[in-house]
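Chain residues, written in single-letter form:
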Amino acid sequence: MKRLPDLFYKKTNLFIAILFTVAMVGYASLVLGGKSECFSQQLNEGQKVLGLKLGYTNEYAVSFFNSLDSEGLICYKNLILIWDNIFPILYGIMYILWISLIYRNIDFKYSNFRFLNIFPLFHILMDWTENFAELNLVNQFTVNNSISLVSVKFSSYVSLIKWSSSFITYGILIPGLAMIISKKLKNKYRLS
């Protein structure tokens, strides 16, 4: 398992990190934005897709599904099933690349911290689990015109875990950037 983090530390460069960042932003705006147009006009003001919520209630989920007609439900299902399963790969690799780039020259006191760069793999896994849970909700609603409270709670908890892992990823990135900036400023003032 140690080989995967080391591979990213050794092979990552600024160009690849920027390339994946551009790809992720482009995919989010052009593909996900474009593929959601077929149902987004049906949403009530202030309503977001379930995957963009930091957890949600049964009432919110039912209200969300009630706002979509049958074509909107099919469109939402296709978004989750196809397009939203590609997105975690893009942002996950982007995060792995940036963390690897930022931390590759850091001498870790504890060797297990070298695994920080692959933490976004957990984020990817949680996003896919969330998509699976949301598909279950869509299917339940399509068949029964209702959804199970247990399924909503599971989906909501997975969403919370996914978003928490996103915050942890930023909690890994930001201190690393701060260390790099601090080091550069110290070197600049030392040379002056």
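Residues numbered from 1 in each chain as written. Predicted model: local features only at pLDDT ≥ 70, side-chain atom pairs only at ≥ 80, totals over all residues. Heavy atoms only, no water.

## Description of unusual backbone geometry
Threshold: Only DSSP runs of H or I covering at least 4 residues are called helices, and only runs of E covering at least 2 are called strands; the numbering of each starts at the N terminus. Burial classes: relative accessible area under 20% of the type maximum marks a residue as buried, over 50% as exposed, and values in between as partly exposed (1.4 Å probe, protein chains only).
For Asn145, which is not glycine, the phi dihedral falls at a positive 60°. Examined against the element boundaries, Asn145 turns out to sit in the loop between helix H6 (120-144) and helix H7 (149-191). When its relative accessible area of 54% is taken as the criterion, Asn145 is described as exposed.

## Description of the pattern of salt bridges
Going by this rule: Whenever Lys or Arg places a side-chain nitrogen within 4 Å of a carboxyl oxygen from Asp or Glu, that contact is recorded as a salt bridge.
The tally for this structure, following the rule as stated, stands at 1 salt bridge. Lys162 serves as the salt-bridge partner of Glu130, at 2.9 Å between the closest nitrogen and oxygen. Here Lys162 lies in helix H7 and Glu130 lies in helix H6, a separation of 32 residues in the sequence. One exposure class covers both Glu130 and Lys162, and it is buried.

## Re the state of the cysteines
For clarity, the threshold we go by: Throughout, disulfides are identified as pairs of cysteine sulfur atoms within 2.5 Å of each other.
All chains considered together, the criterion is met by 1 disulfide. The residue that forms a disulfide with Cys38 is Cys75, at a sulfur-sulfur distance of 1.5 Å. Taking the torsion about the S-S bond as the criterion, the Cys38 to Cys75 disulfide, at about 50°, is right-handed. Of the two residues, Cys38 is situated in helix H3 (residues 37-40) and Cys75 in helix H5 (residues 70-103); the sequence distance between them amounts to 37 residues. With a relative accessible area of 43%, Cys38 lands in the partly exposed category.

## Some thoughts on the nonpolar core
If you look at soluble globular proteins, the nonpolar side chains tend to sit buried side by side. Here is the rule we go by: Put simply, buried Ala, Val, Leu, Ile, Met, Phe, Trp, Tyr and Cys residues joined by side-chain atoms within 4.5 Å make one nonpolar core. Between two residues, a contact is recorded if the distance between any of their heavy atoms is within 4.5 Å.
In this structure, Phe39, Leu50, Phe64, Phe65 and Tyr76 are the most contacted members of the largest nonpolar core, which totals 35 residues. Counting residues per element, the ones that place at least two in this core are helix H2 (14-35), helix H4 (58-66), H5, H6 and H7. A per-element tally of this core places H5 first, with 13 residues. Excluding its chain neighbours within four sequence positions, the residues that come into contact with Phe39 are Val49, Leu68, Gly72, Cys75, Tyr76 and Leu79. Of all hydrophobic cores here, the second largest spans 6 residues; its members include Phe8, Ala17, Leu97 and Leu101.

## Here's the deal with H6
Turn by turn, an α-helix covers 3.6 residues, leaving residues three or four places apart pointing in a common direction. Put simply, the rule reads: To estimate the expected span of a helix, count its residues, drop one, and scale the result by 1.5 Å.
Over its 25 residues, H6 runs 36 Å from end to end, which matches the ideal 36 Å to within 8%, given 1.5 Å per residue. Following H6 by one or two positions, Asn145 has its phi on the positive side, about 60°.

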